[in-house]
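# Topology and contacts: notes
Below are the chains, spelled out letter by letter.
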Amino acid sequence: MMKSELIRKLGWGLCFVVLFFFLIYLKVFFSSRSEFKNAETALAKGDYREAIAHYERSMLWYLPAGGYVESSAEGLWKMGESLEKEDPTLALDAYRSLRTALYATRSFYTPGKAWIDRSDQKIVLLMAQEPPYSDAEKKKTVEQRAAEALAIQKVPQKPDPGWSIVLEVGFWGWVAGVLLFIWVGFNVKRQVILKRGIFVGALILFFYTLWIIGMMKA
């Protein structure tokens, strides 16, 4: 009897985990698609700044597989190229948004390295063509300013390791807390065991708070 009860609880726990991640996937996918469509609509109206903002938001809803990250990156890239002569400042914003969005979604790896490298080249060239801001800069060639800007762009940008650990601990602690509540929080009559419920609920709240703080700080 005890064994069958344990198997049942494990089964429910597994179903919860699968459903949980599936719902997260759907949320991210449809949010990314919505932002991408808003970007395309803004672009069709010639509202480039609005399009840049929506493309970037679409990329921030990052999925390792599926989603609209690649399509949004292509949209920002094409927009930047089309604006380089007409409005270099806006083109620079497009390339920077592309680069920033990919760095913002990094974790133990950085997605879209090829896009970042291409954006770096465009950004430094556009920055080098801007009017020099000092006498020392006026003495440098465009190539020299571009090389210096590229060196700065290539400085490694990694998430804070301490806060990243807090984020991971918070997330998995929260998931484990929910599973623990399912397993031990109810009696045989499917009623909540108050003391256990309060204790495990406090754990869930604690780890959820860690997760949110970790995402904000990492």
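Bear in mind the structure is a predicted one, so any value in this text is a computation, not a measurement. (Residues numbered from 1 in each chain as written. Predicted model: local features only at pLDDT ≥ 70, side-chain atom pairs only at ≥ 80, totals over all residues. Heavy atoms only, no water.)

## A closer look at the overall build of the chain
In plain terms, the rule: Strands here mean DSSP runs of E at least two residues long; helices mean DSSP runs of H or I at least four residues long; both are numbered from the N terminus. Type-normalised accessible area, obtained with a 1.4 Å probe on protein chains alone, sets the label of each residue: buried when under 20%, exposed when over 50%, and partly exposed for intermediate values. Contact criterion: two residues are considered in contact whenever any of their non-hydrogen atoms come within 4.5 Å of each other. Here, Shrake-Rupley sampling with a 1.4 Å probe gives the accessible areas, and only protein chains in the shown set may cover a residue.
Across its full length, the chain holds nine helices and zero strands. Helices and strands in the chain line up, N terminus first, as α-α-α-α-α-α-α-α-α. The proportion of buried residues among the 218 residues of the chain is 31%. Sequence separation of at least 24 residues holds for 61% of the intrachain contacts in the chain that already meet a minimum separation of 6. For the chain, the exposed surface amounts to about 13,800 Å²; the carbon and sulfur share of it is 66%.

## With respect to the nonpolar core
Condition: Among buried residues, those of type Ala, Val, Leu, Ile, Met, Phe, Trp, Tyr and Cys that are joined through side-chain atoms within 4.5 Å constitute a nonpolar core.
Ranked by internal contacts, the top residues of the largest apolar core, which has 26 residues, are Tyr55, Met59, Leu76, Leu98 and Leu102. Those elements that provide at least two residues to this core are helix H1 (2-44), helix H2 (48-60), helix H3 (69-83), helix H4 (88-104) and helix H5 (113-128). For this core, the element with the highest residue contribution is H4, accounting for nine residues. Phe20, Leu167, Leu179 and Ile204 belong to the second-largest nonpolar core, a separate cluster that totals 10 residues.

## Remarks on the pattern of salt bridges
Pairing is possible between side chains that carry opposite charge, provided their charged atoms lie close to one another. Filter applied, for reference: The salt bridge definition used is simple: a Lys or Arg side-chain nitrogen within 4 Å of an Asp or Glu carboxyl oxygen.
Following the criterion strictly, the structure yields four salt bridges and no others. The partner of Asp93 in a salt bridge is Arg49, with the nearest N and O atoms 3.0 Å apart. Remark: Arg49 occurs in helix H2 and Asp93 occurs in helix H4; sequence separation between them is 44 residues. The closest approach of N and O atoms between Asp120 and Arg99, which form a salt bridge, is 2.5 Å. Linking Asp120 in helix H5 with Arg99 in helix H4, this pair joins segments that are 21 residues apart in sequence. Asp120 sits in the buried class, given a relative accessible area of 1%. Linked by salt bridges that have partners in common, Glu81, Glu84 and Lys122 make up one network.

## A look at H2
Let me state the cut-off plainly: One less than the residue count of a helix, multiplied by 1.5 Å, gives the span that helix is expected to have.
Between its first and last C-alpha, H2 extends 18 Å over 13 residues, near the 18 Å set by a 1.5 Å rise per residue. Among all positions in H2, only Ala51, Ile52, His54, Tyr55, Ser58 and Met59 are buried.

## A short note on the packing of aromatic side chains
To be explicit about the condition: Within 6.5 Å between ring centres, the rings of Phe, Tyr and Trp (the latter by its six-membered ring) count as paired, and their orientation is classed by plane angle as stacked under 30 degrees, edge-to-face over 60, tilted in between. Any Lys NZ or Arg CZ that is within 6 Å of a ring centre and within 35 degrees of that ring's normal is treated as a charge sitting over the ring.
Enumeration over the complete set of coordinates arrives at 13 aromatic pairs. Joined through ring pairs, the aromatic side chains of Tyr25, Phe29, Phe30, Phe36, Tyr55 and Tyr68 make up one cluster. Looking at Arg118, its charged tip hangs above the ring of Trp77, at a distance of 4.2 Å from the centre.

## Here's the deal with a nonpolar patch on the surface
We count it as follows: Every patch collects residues that have over 30% relative accessible area and no salt bridge, joining them within 9 Å if they carry like charges and within 5 Å if they are nonpolar side chains (Val, Leu, Ile, Met, Phe, Trp, Tyr).
On the surface, a nonpolar cluster with roughly 300 Å² of combined accessible area is contributed by Leu19, Phe22 and Leu23. Position of Leu19 relative to the elements: it lies in helix H1. Accessibility expressed as a relative area gives 48% for Leu19, which makes it partly exposed.

## Topic: the side chain of Thr105
You can see Thr105 is positioned in the loop between H4 and H5. Relative accessible area serves as the criterion here: at 15%, Thr105 is assigned to the buried category. Setting aside anything within four residues of it in sequence, one finds Thr105 in contact with Met59, Leu60, Tyr62 and Pro111.

## A closer look at the packing of H4 against H5
Short version of the rule: All axes are obtained by fitting lines to C-alpha atoms, using only the stretch in contact for helices, and the reported angles, taken between N-to-C directions, cover 0 to 180 degrees. If an angle is under 35 degrees, it is roughly parallel; if it is over 145, roughly antiparallel; if it lies from 65 to 115, roughly perpendicular; otherwise it is oblique. Each crossing gets its handedness from the near helix: less than a right angle anticlockwise from the far helix is left-handed, clockwise is right-handed. Classification convention: Asp, Glu, Lys, Arg as charged; Ala, Val, Leu, Ile, Met, Phe, Trp, Tyr, Cys, Pro as nonpolar; all other residues, Gly among them, as polar.
One can describe the packing of H4 onto H5 by two numbers: an axis separation of 9 Å at closest approach and a directional angle of 150°. By the angle between their axes, H4 is roughly antiparallel relative to H5. Here H4 and H5 pass one another in a crossing that is left-handed. Of H5, the residues touching H4 (which contributes Pro88, Ala91, Leu92, Tyr95, Arg96, Leu98, Arg99, Leu102 and Tyr103) are Trp115, Ile116, Ser119, Asp120, Lys122, Ile123, Leu126 and Met127. Its residues assigned to classes, the contact of H4 with H5 shows 12 nonpolar, one polar and four charged.

## Notes on the packing of H2 against H3
Each packed pair of helices is defined by two parameters, the angle between the axes and the distance between the axes. At a minimum axis distance of 8 Å, the contact between H2 and H3 shows a crossing angle of 150°. When the axis of H2 is compared with that of H3, the two are roughly antiparallel. Considering only the axes of H2 and H3, their crossing is left-handed. Residues Tyr48, Ala51, Ile52, Tyr55, Glu56, Ser58 and Met59 of H2 form the contact with H3, whose own contacting residues are Val69, Ser72, Ala73, Gly75, Leu76, Met79 and Leu83. Per-class residue counts for the contact of H2 with H3 are 10 nonpolar, three polar and one charged.

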